[in-house]
Amino acid sequence: MPVRIRHRAALAAALLAVGLPAVPAVAAQGAPPAAAAVAPRPATVTVTGEGRASAAPDTAVVTAGVEVTGATSKAALAAQNTAANALLAAVRTAGVADRDVRTESLSLSPVYTTGSEPDAAPKVTGYQAGQTFSVKVRDLGRTGAVIQAVVDATGDAGRIHGIVFDVADPAALRADARAAAHADAHDKAVQYARLSGHRLGRLVSLDESAGGRPRPVPVPAVAFDESAGKVPVAPGEIEDEVSVTAVYELN
């Protein structure tokens, strides 16, 4: 047993003398493959497309109200209530549903007058009460008749503040504007690709920047005319606009 140990020690010493390890080394793993060459990024073109769409309005929102004065706040409020009830009854008779009438404002305030003397304090000479409603007319052809009904029912207490024409469902109008904006961006990209000696590749990204919901057309109260027995109105068109930024690859 000791002789065997000495032989092993001698062998280890001999191996160390010639620079070899005493214990066989584990086979080296294969070298990692060389990093793959990074493909160059394709050239791109960035364009902005503008799209517009218009449609005839199908609804109108009339802003109407009443305004009265009285010697006392109680008298003014009572007169305002009477006039407001007459307005509401008139629009219902004209075919407007209760869900389409909404109170927008209600006010009651003193009316002051200033004395003739410079230092005279203002005096309360009465009170003014008013109420304003928004009235949505879904049958556009009856818009003028609804306005006329309000004026006839409220007399001098009636006020027509304005009218706005709109579309009840703006989704279709927005979709048309998007389609026009996309087509505009694509046409521009095709032209730039051709001008630069390339072919248009795939769409990389598309961002929308909308200009808000379709814009209704406001009509001031001074545009109303009672001479025809029914207030004439001109709805015009509703317009929507969409802007997109598109990035395309160039081949």
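Structure: see above.
Everything quoted here is computed from the prediction, not taken from an experiment.

Asks: Help me get a handle on the overall build of the chain, residues and values and all.
Replies: Counting its regular elements, the chain contains 4 helices and 8 strands. Counting over 251 residues, the chain shows a buried share of 29%. Residue pairs at least 24 apart in sequence account for 83% of intrachain contacts in the chain once pairs closer than 6 positions are excluded. Counting every atom, the chain has about 15,600 Å² of accessible surface; 57% of that belongs to carbon and sulfur.

Asks: Can you tell me about the side chain of Thr59, naming the residues and giving the values?
Replies: Here Thr59 is to be found in strand E2 (residues 59–70). Of the residues examined, Thr59 reaches a relative accessible area of 7% and is grouped as buried. Those residues within four positions of Thr59 in sequence are excluded, and the remaining contacts are Val137, Arg138, Leu140, Val164, Phe165, Asp166, Val167 and Ala168.

Asks: Describe the pairing of strand E8 (residues 238–250), naming the residues involved and giving the relevant values.
Replies: Here E8 lies mainly inside the structure; 10 of its 13 residues are buried. The sheet contact formed by strand E1 (residues 44–55) and E8 spans 12 bridges and is antiparallel. For Ala55, the partnering residue across the bridge sits in E8 and is Ile238.

Asks: Now, about the environment of Leu106: what can you tell me, with residues and values included?
Replies: Inspection of the secondary structure puts Leu106 in strand E3 (residues 101–113). Separated by 25 residues in sequence, Leu106 and Gln131 place their C-alpha atoms 4.4 Å apart. Not counting residues within four places of it along the chain, the set of residues in contact with Leu106 comprises Gln80, Gly130 and Gln131.

Asks: Now, about the environment of Asp156: what can you tell me, with residues and values included?
Replies: On the secondary structure map, Asp156 appears in the loop between helix H3 (143–154) and strand E5 (158–166). Separated by 73 residues in the primary sequence, Asp156 and Ala83 place their C-alpha atoms 9.7 Å from one another.

Asks: Pulling in residues and values, what's your account of the pattern of salt bridges?
Replies: Inspection of the entire model under this criterion finds 9 salt bridges. As a salt-bridge pair, Glu208 and Arg178 come within 2.7 Å of each other at their nearest N and O atoms. Of the two residues, Glu208 is situated in strand E6 (residues 200–210) and Arg178 in helix H4 (residues 171–195); the sequence distance between them amounts to 30 residues. When its relative accessible area of 39% is taken as the criterion, Arg178 is described as partly exposed.

Asks: Account for the environment of Pro42, naming residues and giving values.
Replies: Mapped onto the secondary structure, Pro42 falls in the loop between helix H1 (2–17) and E1. Taking the relative accessible area as the measure of exposure, Pro42 reaches 41% and is therefore partly exposed. Taking C-alpha positions, Pro42 is 6.4 Å from Glu249, a pair spaced 207 residues apart along the chain. With sequence-adjacent residues up to four places away left out, Pro42 is seen in contact with Glu249 and Leu250.

Asks: Please give an account of the pairing of E2 that cites residues and values.
Replies: In this structure, E2 lies alongside E5, joined through 8 bridges in antiparallel fashion. Its bridge partner being in E5, Ala60 is matched across the sheet by Phe165. Inspection of the sheet shows E2 paired to strand E4 (residues 123–137) by 11 bridges, in the antiparallel sense. Each residue of the ladder has a partner; that of Gly65, found in E4, is Thr132.

Thresholds, definitions, all that
- Residues numbered from 1 in each chain as written.
- Predicted model: local features only at pLDDT ≥ 70, side-chain atom pairs only at ≥ 80, totals over all residues.
- Heavy atoms only, no water.
- Helix = DSSP H or I, 4+ residues; strand = E, 2+ residues; numbered from the N terminus.
- Buried < 20%, exposed > 50% of the residue type's maximum accessible area, 1.4 Å probe, protein only.
- Contact = heavy atoms within 4.5 Å.
- Areas by Shrake-Rupley, 256 points an atom, 1.4 Å probe, with all protein chains shown as cover.
- Pairing = 2+ DSSP bridges.
- Salt bridge = Lys/Arg side-chain N within 4 Å of Asp/Glu carboxyl O.

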